[in-house]
2 protein chains.
Amino acid sequence: MTNPTLKKIAETLGISVSTVSRALKKHPDISAATRQKVLDLAQILDYEPNASAVQLRTRNSKLFGILVPSISNYFYESFIAAIEEDGRKNGYSIIILQSGNDPEIEQENLKLFRQNRISGLFACITPQTKDLAGFDKLRELETPVIFFDKIPPGQQVQAVCLADSAAGEMAAEAILHKKKKKVLALFGDRQLLITQKRMQAFTQTLTENNHTITLQTVHTCSSEEARVQTNRFLADKTNRPDTIFCMSDEILIGAMKALQENNLRPPTSIAVIAISNGFIPKLFYPEITYVETSGKQLGELAFARMLQCMERPLPPEEIILGSRLVEGGSL
Amino acid sequence: MTNPTLKKIAETLGISVSTVSRALKKHPDISAATRQKVLDLAQILDYEPNASAVQLRTRNSKLFGILVPSISNYFYESFIAAIEEDGRKNGYSIIILQSGNDPEIEQENLKLFRQNRISGLFACITPQTKDLAGFDKLRELETPVIFFDKIPPGQQVQAVCLADSAAGEMAAEAILHKKKKKVLALFGDRQLLITQKRMQAFTQTLTENNHTITLQTVHTCSSEEARVQTNRFLADKTNRPDTIFCMSDEILIGAMKALQENNLRPPTSIAVIAISNGFIPKLFYPEITYVETSGKQLGELAFARMLQCMERPLPPEEIILGSRLVEGGSL
DNA sequence: CTGCGAACCGCAAACGTTTGCGCAATCCTT
DNA sequence: AAGGATTGCGCAAACGTTTGCGGTTCGCAG
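Residues numbered from 1 in each chain as written. Chains lettered and ligands numbered in written order. Predicted model: local features only at pLDDT ≥ 70, side-chain atom pairs only at ≥ 80, totals over all residues. Heavy atoms only, no water.

Digging into the sheet that holds strand E12 (residues 324-326) of chain A
Residue and element names in this part refer to chain A.
- Across the sheet, six strands lie side by side as E7-E6-E8-E9-E10-E12; this open sheet has mixed pairing. Strands with a single pairing partner mark the edges of an open sheet, and in this sheet they are strand E7 (214-219) and E12. For this sheet, the mean angle separating the axes of adjacent strands, direction not counted, is 20 degrees.
- Packed on one face of the sheet, helix H10 (residues 223-235) meets strand E6 (182-187), E7 and strand E8 (243-246) and runs near 150 degrees to E7. (Pairing = 2+ DSSP bridges. Helix = DSSP H or I, 4+ residues; strand = E, 2+ residues; numbered from the N terminus. Axes fitted to C-alpha atoms, helices over the stretch in contact; angles between N-to-C directions. Contact = heavy atoms within 4.5 Å.)

And the structure:
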């Protein structure tokens, strides 16, 4: 079985294809009578326009692309979910491709996006991405590209970002406010812009106005490493930190495991604060206090920006999404 | 700027469009010399075939659809990630839509899939889905539909499923093996086939050969409810369960929170076992013992099945993915 | 009766590919 | 040298839409 086409409808009704086409989209040129006939038959035959043909003709695919390192990540998921939802409301479908943090796959994916003539792209680049040619090609085709989260440094592009500096600052302030003395701060890969920003703001806020606080900083690239490092610091009974700051969910997971190993439960034995999307902190009791970085909100922001860009070209701009402190009880 | 087309290449080279087309796909009719010329120019111009045109002509969209209740879920994510990865290797892109567990949106999404003439669909239906017409329409168009995880009951369809019964049985056996006496079992929505299967196998295995064990069963529809219920049972100090079984990750989250509230740490004070995809159990120390239901493996299985179905029509079959016990230390 | 503007509708081209078929030129056979 | 086979390429139709332009049929005013 094959799908009914305009032609089929036209033939059985004894009218022309163009009339059918116009009737279906309620063009004023078509009389109410024939329009109804067409609509009825289309209903009966389950007519559904062939998207490829429409795309080919109108040069509008009604497809958005999303490029992420991995889809299995609460932050990206909620970002994607938001785009998908807003997209659906606006008649767009989304194609998702994951780069696996491999620049080569990223290039391949960009090619697929171009071939599908997507109407717009939401992209989170890999840390190793140096060559933006693939993205530039899209822009040459007047396809808006909105970078999010991990964005190419020092480029004039459209981007929506989390308030990395502000989040780091906010976490530090919360710690200061609770008059903590000895902070262990766990950060991620120091190559990443996001790490640098969060760390810079955090350490500066924590130390500049306060000389009684001591800060120990560690970089880890995985949950497991975070766990091991935390354990190492907890082993030093005489000089144990009274607060742990985790830059990300991944790190928080490792740190929390270490705490459980040592039978420590916040906030009494030790305080914990993180920057997080909010899923992991709510798995523990008491829930972990965190500075929120909402993937959903970022997705909504990115989508709104996308719509604007599609109406008229916009000057490159980096929009920052504010963050807020969510009190959990661990600080 | 617009993308170069076959025509453009043909004109600048002074040859015909069909020759260009054939040269690009290394058709033997074309001489090595002209083929090379075409390839070179295509390279320079950054030629990329227009997917819509190809789709229209070949009636093959090279697109797979995935329909899930929500993308923000570790199980679905890993399923999707697997499909995406295998798909990319085979030249397919995927288009993802989420139903939000709303049958109406599900219908809308199916329409989008049909309009995009997807080559195949992976679908996880909502619990309320009664009307399969939308899916049937796809099948009438010879678009294979592979149901996964939540499948329409009592239908002749292609489906890949987790070994729900086997998983329930396996968990029960592990509990028996440890000679536990008093089990609290937390299950999900009793409407769901998955709940029924897991519960039936679990309770039967646990009780049929053993009269000294007592089993208390609870149904909950959310993490929070699971937490409250668990708390209720833990409050009864004299008759407290020595083991908690959680049918799903969602429930495990709630139960673990309750344990933490009561300052109980497995396995000494109480034992815990779950059926899970493996992410949540590894967040705790000791890690939770679980019967694995791998979204990744299920995705790979589904994809393989899809490829088979596309080669030749296959009789409806429900394929079950085996599960295994992953010892964490909580039992 | 002529002319004119609505109201409706069809023609045909175009979007960018793929592919069956045909045709010319070249090659190999005996 | 003559016949057939092979090589290399182009023509044109088709996939299913959209849309500018034009054409016909009215009604109605002049």
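So that's the structure; there's more coming.
Here we look at the protein's contact with DNA strand D
- If you check the shell around DNA strand D, you find 26 residues, and the closest are Arg22 and Arg57 of chain A together with Thr19, Arg22 and Arg59 of chain B.
- In DNA strand D, atoms within 4 Å of the protein come from the sugar-phosphate backbone in 56% of cases.
- Between DNA strand D and Ser16 of chain B, the relevant distance is 2.9 Å, taken from a phosphate oxygen to a side-chain nitrogen or oxygen of the residue.
- Between DNA strand D and Thr34 of chain B, the relevant distance is 2.9 Å, taken from a phosphate oxygen to a side-chain nitrogen or oxygen of the residue.
- Going through the elements one at a time, helix H2 (17-24) and helix H4 (51-58) of chain A together with helix H2 (17-24) and helix H4 (51-58) of chain B are the ones with two or more residues in the surface near DNA strand D.
- Its residues assigned to classes, the surface near DNA strand D shows nine nonpolar, 10 polar and seven charged. (Near = heavy atom within 4 Å. Polar contact = N/O pair within 3.5 Å; in protein donor to acceptor, adjacent residues only side chain to side chain. Nonpolar A, V, L, I, M, F, W, Y, C, P; charged D, E, K, R; others polar.)

Concerning the interface of chain B and chain A
- Listed as interface residues are 56 residues of chain B and, on the opposing side, 56 residues of chain A.
- Together, the buried faces of chain B and chain A total about 5,400 Å²; carbon and sulfur atoms form 50% of this surface.
- At the surface where chain B touches chain A, the tally comes to eight salt bridges.
- Between Glu48 of chain A and Arg114 of chain B there is a salt bridge, with the nearest N and O atoms lying 2.6 Å from each other.
- Put simply, chain B and chain A have 30 residue pairs in polar contact (both at pLDDT 80 or more) between them.
- Listed by contribution, the elements that provide at least two residues to the side of chain B that touches chain A are H4, helix H5 (74-89), strand E2 (93-98), helix H6 (103-115), helix H7 (133-140) and helix H11 (249-261) of chain B.
- Tallied by class, the residues present in the side of chain B that touches chain A amount to 22 nonpolar, 15 polar and 19 charged. (Buried area = accessible area lost by both parts, 1.4 Å probe. Salt bridge = Lys/Arg side-chain N within 4 Å of Asp/Glu carboxyl O.)

Some remarks on the protein's contact with DNA strand C
- With respect to spatial proximity, 26 residues lie near DNA strand C, and among them Thr19, Arg22 and Asp29 of chain A together with Arg22 and Arg57 of chain B are the closest.
- Here, DNA strand C places atoms within 4 Å of the protein, and 55% of those atoms are sugar or phosphate.
- Interatomic distance of 2.8 Å between a backbone N/O atom of Leu6 of chain B and a phosphate oxygen of DNA strand C.
- When contributions to the surface near DNA strand C are tallied by element, the ones reaching two or more residues are H2 and H4 of chain A together with H2 and H4 of chain B.

Observations concerning the domain arrangement of chain A
Residue and element names in this part refer to chain A.
- Domain annotation of chain A identifies domain 1 (6-49), domain 2 (61-162 + 296-323) and domain 3 (164-292).
- For domain 2 and domain 3, the distance between their C-alpha centroids amounts to 30 Å.
- For the pair domain 2 and domain 3, the summed buried surface comes to about 920 Å²; carbon and sulfur atoms form 58% of the total.
- For the domain 2 face of the interface with domain 3, the top three residues by lost area are Tyr74, Leu162 and Ser323, together amounting to 55%.
- On the surface where domain 2 and domain 3 come into contact, there are one salt bridge.
- Here Glu318 and Lys197 are joined by a salt bridge, their closest N and O atoms 3.9 Å apart.
- For the side of domain 2 that touches domain 3, the element with the most residues is helix H5 (residues 74-89), which contributes three residues. (Domains from an automatic or database assignment.)

Regarding the packing of aromatic side chains
Residues and elements named next belong to chain A.
- This structure, assessed with the given rule, holds 25 aromatic pairs over all chains.
- Each ring, one from Phe75 and one from Tyr76, has its centre 5.6 Å from the other, and the planes form 65 degrees; the classification is edge-to-face.
- Taking 6.4 Å as the distance between ring centres and 75 degrees as the angle between the ring planes, the aromatic pair formed by Tyr76 and Phe148 counts as edge-to-face. With Tyr76 in helix H5 and Phe148 in strand E4 (residues 145-148), this pair connects stretches of sequence that are 72 residues apart. Across this residue pair, the class does not change: Tyr76 and Phe148 are buried.
- An aromatic cluster of three or more residues is present, and its members are Phe64, Phe75, Tyr76, Phe79, Tyr92, Phe122, Phe148 and Phe303. (Phe/Tyr/Trp six-rings, centres within 6.5 Å; stacked < 30°, edge-to-face > 60°. Buried < 20%, exposed > 50% of the residue type's maximum accessible area, 1.4 Å probe, protein only.)

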